[in-house]
Amino acid sequence: MSAPQVVLVGPMGVGKSTVGQLLAERLGVGYRDTDDDIVAEQGRSIAEIFVDEGEPAFRALEKQAVHRALAEHDGVLALGGGAILDADTRAVLAGQRVVYLSMDVEEAVKRTGLNAARPLLAVNPRKQWRELMEARRHLYEEVATAVVATDGRTPEEVTQAALDALELTAFSGGQPPDSRPEDMMASQVTRIQVGGTAGSEPYEVLVGRQLLGELGGLVGDKAKRVAVIHPEALAETGEALRADLAEQGYEAVAIQVPNAEEAKTAEVAAYCWKALGQSGFTRTDVVVGVGGGATTDLAGFVAATWLRGVRWIAIPTTVLAMVDAAVGGKTGINTAEGKNLVGAFHPPAGVLCDLAALDSLPVNDYVSGLAEIIKAGFIADPTILELIEADPQAARTPAGPHTAELIERSIRVKAEVVSSDLKESGLREILNYGHTLGHAIEKNERYKWRHGAAVAVGMHFAAELGRLAGRLDDATADRHRTILESVGLPLHYRYDQWPKLLQNMKVDKKSRGDLLRFIVLDGLAKPTVLEGPDPAMLLAAYGEVGQ
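A brief structural summary. (Residues numbered from 1 in each chain as written. Predicted model: local features only at pLDDT ≥ 70, side-chain atom pairs only at ≥ 80, totals over all residues. Heavy atoms only, no water.)

## What about the pattern of salt bridges?
This structure, assessed with the given rule, holds 34 salt bridges. Between Lys264 and Asp297 there is a salt bridge whose closest N-O contact spans 2.7 Å. Of this pair, Lys264 sits in the loop between strand S9 (251-257) and helix H11 (266-279) while Asp297 sits in helix H12 (residues 293-305), and the two are 33 residues apart along the sequence. Just as Lys264 is buried, Asp297 falls in that class too. (Salt bridge = Lys/Arg side-chain N within 4 Å of Asp/Glu carboxyl O. Helix = DSSP H or I, 4+ residues; strand = E, 2+ residues; numbered from the N terminus. Buried < 20%, exposed > 50% of the residue type's maximum accessible area, 1.4 Å probe, protein only.)

## Focus on the sheet that holds strand S5 (residues 146-149)
Spatially, S2-S3-S1-S4-S5 is the arrangement adopted by the five strands of the open sheet, whose pairing is parallel. Only two strands of the sheet have a single neighbouring strand rather than two, namely strand S2 (31-33) and S5. Within this sheet the neighbouring strands show an average axis-to-axis angle of 25°, counted without direction. Of the strand pairs in this sheet, S2 and strand S3 (residues 76-78) are connected by three bridges, and their pairing is parallel. By the bridge assignment for S3, Asp33 is matched with Ala78. Of the strands in this sheet, strand S1 (6-9), S2, S3 and strand S4 (98-102) touch helix H1 (residues 16-27), which is tilted by about 165° from S1. (Pairing = 2+ DSSP bridges. Axes fitted to C-alpha atoms, helices over the stretch in contact; angles between N-to-C directions. Contact = heavy atoms within 4.5 Å.)

## A short note on the pairing of strand S6 (residues 190-194)
The alternating pattern of S6 places Thr190, Ile192 and Val194 on a buried face and Arg191 and Gln193 on a face that is not buried. Bridge count for S6 against strand S7 (residues 203-208) is five bridges, and the pairing is antiparallel. Of the residues in S7, the one forming a bridge with Arg191 is Leu206.

## Quick look at the packing of helix H18 (residues 435-444) against helix H21 (residues 498-506)
As a packed pair, H18 and H21 sit with axes 9 Å apart at the nearest point and diverge in direction by 115°. Regarding the angle of H18 to H21, the classification is roughly perpendicular. The hand of the H18/H21 crossing is right-handed. Along its contact with H18, which presents Thr436, Leu437, Ala440, Ile441, Lys443 and Asn444, the element H21 presents Trp498, Lys500, Leu501, Asn504 and Met505. (Parallel < 35°, antiparallel > 145°, perpendicular 65-115°, else oblique. Left-handed = near helix turned anticlockwise from the far one by under 90°.)

## Observations regarding unusual backbone geometry
Backbone geometry at Leu307 places phi at a positive 55°, although glycine is not the residue there. Here Tyr447, not a glycine, exhibits a phi torsion of approximately 60°, which is positive. In this fold, Tyr447 is placed in the loop between H18 and helix H19 (451-468). Residue Tyr447 is classed as buried on the basis of its relative accessible area, which comes to 18%.

## Quick word on helix H8 (residues 155-166)
Its 12 residues give H8 an end-to-end C-alpha distance of 17 Å, which sits within 8% of 16 Å, the value for a rise of 1.5 Å per residue. Among the residues of H8, those classed as buried are Pro155, Val158, Thr159, Ala161, Ala162, Leu163 and Leu166. The elements touched by buried residues of H8 are S1, H1, S4 and S5. Positioned one or two residues after H8, Glu167 has a phi angle of 55°, which is positive. (Expected span 1.5 Å × (residues − 1).)

## Here's the deal with the environment of Pro11
Relative to the elements of secondary structure, Pro11 occurs in the loop between S1 and H1. Along the backbone, Pro11 and Gly82 are 71 residues apart, and their C-alpha atoms lie at a distance of 7.4 Å.

## Let's talk about the packing of aromatic side chains
All chains considered together, the criterion is met by eight aromatic pairs. Ring geometry for Tyr100 and Tyr140: centres 4.9 Å apart, planes at 20°, overall stacked. Of the two residues, Tyr100 sits in strand S4 while Tyr140 sits in helix H7 (residues 125-143), which places them 40 residues apart along the sequence. Like Tyr140, Tyr100 is buried. One aromatic cluster in this structure is built from Phe461, Tyr495, Trp498, Phe518 and Tyr542. (Phe/Tyr/Trp six-rings, centres within 6.5 Å; stacked < 30°, edge-to-face > 60°.)

In short, geometric facts, not functional conclusions.
See below:
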């Protein structure tokens, strides 16, 4: 029977994976994580096991995994945050070299606040953290050979402190491995500037993980009240944000709205206005919209119209919301006559794109968001297309190697466009590539279709229209089909619906009088406007799309 050289224990998010891999490299041994063992064996995430079977069932699986790994592994072993709750496990750890990695509550909330994959921190991060640590700290200390604080330290500094505490000598040939993003202590945050135009201030879009600690700074010290608008599906996240803001001294309220497009109605907006009025909202107070594109559209519109405009912050939780809805200041609600026909241009004070929120996103919702990313590739940044084409299956999941880069590149495309054209008087129209038919399909389906799916069909149509108009080369037109299909986005819609779709497009915001306008490509990354195309050409293009 072998025994690990080092066993790491500590709470979730403390960085056991990152430090464990660094330690293993420095010592010249292998690394193993019992949480990874459980996920591999069960074929499900830890969060899914918690939801499907409950905590006791997970703890039983965890105990088996820990005891097996302790018996088999002779390198560096990281245990899940709650593994030490089991008395038998604590007994087996006696005599082992055990390092307890610790951190304080403020650091914990920054690292784990919005990660839905942390099932025990789903409601109020600070409160839950204190309760967890009150129950577990003495157990961590009981099994520990050494305690190493991680607050304010880089992973490399923590690794060296652990080696010093255990009086271990590093393997001379070792090089630090790449850190795993979900547990990086010094989490990389990309800041993308969106320039202000006449009447609006510039703001930043932050992309990274563990971004909850940035929210208070964006709200600022002039605000007294904060309203968190969230969909029903994110009730726990909305309450977590409200509680966190309340602990920072704000009068915080959570306003729950319907899921998806059902939130974007005048009735729901009026409900939000009533809540703001009852809370005594003033012009220095702040609205926070957390959720998908529909929620951020609504939250921005409510902020734009309350007292003729109050500050708001977007916390998008879907790919679509991150790369499209939360950037650029377009806010709005739907009417029976069409999508986003009532709205306002009201840029946010900041946007927090916490990639951890994508970890639990259903695959169909994630793939839907890829349509807007692919759109950005065709109209402005072909590197996006190359990254997806290199591994389409990896692009379909947030665990893919290029997720952060794809999202950042897409945001930069939109940020550059809206910085020079806030109110869609010219250049900003290019962002509507695929949207004219896409919106018509959404309306025809009473908004039951995912936005990205409709836009994917719309881009296929726009590519065929550009080809028929003599604007777009065959290779680029065909590339639309290939790349959209490779990630699982639809290419076709019902052929018999063309008359209804044509009628819907005539009331699209991009139309001028009765003149239909489409964004098409003159070539890759060369978008242009096609005005008043021949009806026969439109029908012929739809002939390639309709089934």
